[in-house]
Amino acid sequence: MIYLRLIWSYLKIGFFGFGGGYAMLALIENEIVTPGWITEQMFTDIVAISQMTPGPIGINSATYIGYVAPAASSPALQAPIYGILGSLLCTIVVVLPSFLLVRYAGHVIMRHRDSVIIKGIFAGLRPVVIGLIASAALILMNGENFGHTTPEIVKSVILSAVALTLTLATKIHPILLIIAAGFIGWLIF
């Protein structure tokens, strides 16, 4: 049953997705794209849309994937009610592990925050999170984002470099840069 598979996948994502949304991307891709619930192109689009909408990327992607996965898995589950049920399940399940951890372990961690063991645990998690975020960057450097031909890739890299330079060197609001980059990308491609 698709709902049990979604629950199991999002429990794993919720329990092992340390470091926020970008750190979760590799795990989300493995759990969701590999079974064929969505395509690589849809995954890339979900990441882009999740960045433009309010809320964490993990929750936004869970809601969307929960909506489309039932219909992708079986023609009998095409009705919107099945997608809404999948959205609710995935959203609740991806948040549940963090909620429980904060609820039940947060006070223990705060009480022992000066402990050498707790400091060691968090020091060990930092490089893991950095690696997971770097992995997400590599995942997003694909043909769907940068193009499939050399001229497309060169244009995409130049556009990305200009946007990064403007972000770091000016005080232009990031939303204006996103809109400008989208418009320029639409013109170029």
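Counting starts from 1 at the beginning of each chain's written sequence and moves along it residue by residue. Where totals are concerned, whole chains, interfaces and linings use all residues; where local detail is concerned, this predicted model gives features only for residues with pLDDT of at least 70, and gives and counts side-chain atom pairs only at 80 or more. Hydrogens and waters are ignored; side-chain quantities use all the structure's heavy atoms.

Participant: Got a sec to walk through the overall build of the protein chain? Specific residues and values, please.
Facilitator: Secondary structure is summarised from DSSP: a helix means a run of H or I of at least four residues, a strand means a run of E of at least two, and numbering begins at the N terminus for each. For the protein chain, the count of helices and strands is nine helices and zero strands. In the protein chain, the succession of helices and strands from N to C terminus is α-α-α-α-α-α-α-α-α. With the principal axes as the frame, the protein chain shows a C-alpha extent of 50 × 50 × 25 Å. Between buried and exposed lies partly exposed: a residue is buried under 20% and exposed over 50% of the maximum accessible area for its type, with that area taken using a 1.4 Å probe on protein chains only. In the protein chain, which comprises 189 residues, the proportion classed as buried is 28%. Long-range contacts, defined as pairs at least 24 residues apart, comprise 58% of the intrachain contacts of the protein chain with a sequence gap of at least 6. Per-residue and other accessible areas were derived by the Shrake-Rupley procedure at a 1.4 Å probe size, with only the shown protein chains allowed to occlude residues. For the protein chain, the accessible area works out to roughly 11800 Å², and carbon and sulfur atoms hold 75% of it. When checking whether two residues touch, look at their non-hydrogen atoms; a contact exists if any pair is within 4.5 Å.

Participant: How would you summarise the environment of Val33 if you had to cite specific residues and measurements?
Facilitator: Among the structural elements, Val33 can be located in the loop between α2 (21-32) and α3 (40-52). Exposure remark for Val33: the relative accessible area of 16% places this residue in the buried category. When neighbours within four sequence positions are excluded, Val33 is seen to be in contact with Ile28, Ile38, Thr39, Glu40 and Phe43.

Participant: For α2, give the residues involved together with the corresponding values.
Facilitator: Within α2, burial applies to Ala23, Met24, Leu25, Ala26, Ile28, Glu29, Glu31 and Ile32. Those residues of α2 hidden inside the fold are in contact with α1 (2-16), α3, α4 (57-73), α5 (80-111) and α6 (116-140).

Participant: Give me the lowdown on the side chain of Asn60, citing residues and values where you can.
Facilitator: Take Asn60: it is sitting in helix α4. Apart from residues no more than four positions distant in its own chain, Asn60 is found in contact with Ser50, Thr53, Pro54 and Gly55.

Participant: How would you sum up a nonpolar patch on the surface? Please name residues and give values.
Facilitator: Note that patches include only residues with greater than 30% relative accessible area and no salt bridge, and the join distances are 9 Å for like charges and 5 Å for nonpolar side chains (Val, Leu, Ile, Met, Phe, Trp, Tyr). A pair is scored as a salt bridge if a Lys or Arg side-chain nitrogen falls within 4 Å of a carboxyl oxygen belonging to Asp or Glu. A grouping of Tyr67, Ile81, Tyr82, Ile84, Leu88 and Ile92 is seen on the molecular surface, where their side chains present a nonpolar patch of about 580 Å² in accessible area. It is α5 that contributes the most residues to the nonpolar patch, five residues altogether. Residue position: Tyr82 is located in helix α5.

Participant: Report on the packing of α1 against α5, specifying residues and quantitative values.
Facilitator: Note on method: axes are straight lines fitted to C-alpha atoms, helices fitted across the in-contact stretch only, with angles between N-to-C directions ranging 0 to 180 degrees. Closest axis-to-axis distance for the α1/α5 pair is 7 Å, and the angle between their directions is 30°. As the angle between them shows, α1 and α5 are arranged roughly parallel. Pair α1 / α5 crosses with right-handed handedness. Residues Tyr3, Leu6, Ile7, Tyr10, Leu11, Ile13, Gly14 and Phe15 of α1 form the contact with α5, whose own contacting residues are Tyr82, Leu85, Gly86, Leu89, Cys90, Val93, Val94, Pro97 and Ser98. Under this scheme an angle from 65 to 115 degrees is roughly perpendicular, one under 35 degrees roughly parallel, and one over 145 degrees roughly antiparallel; angles in between are oblique. Throughout, a crossing is termed right-handed when the near helix is turned clockwise from the far one, and left-handed when it is turned anticlockwise from it by less than a right angle.

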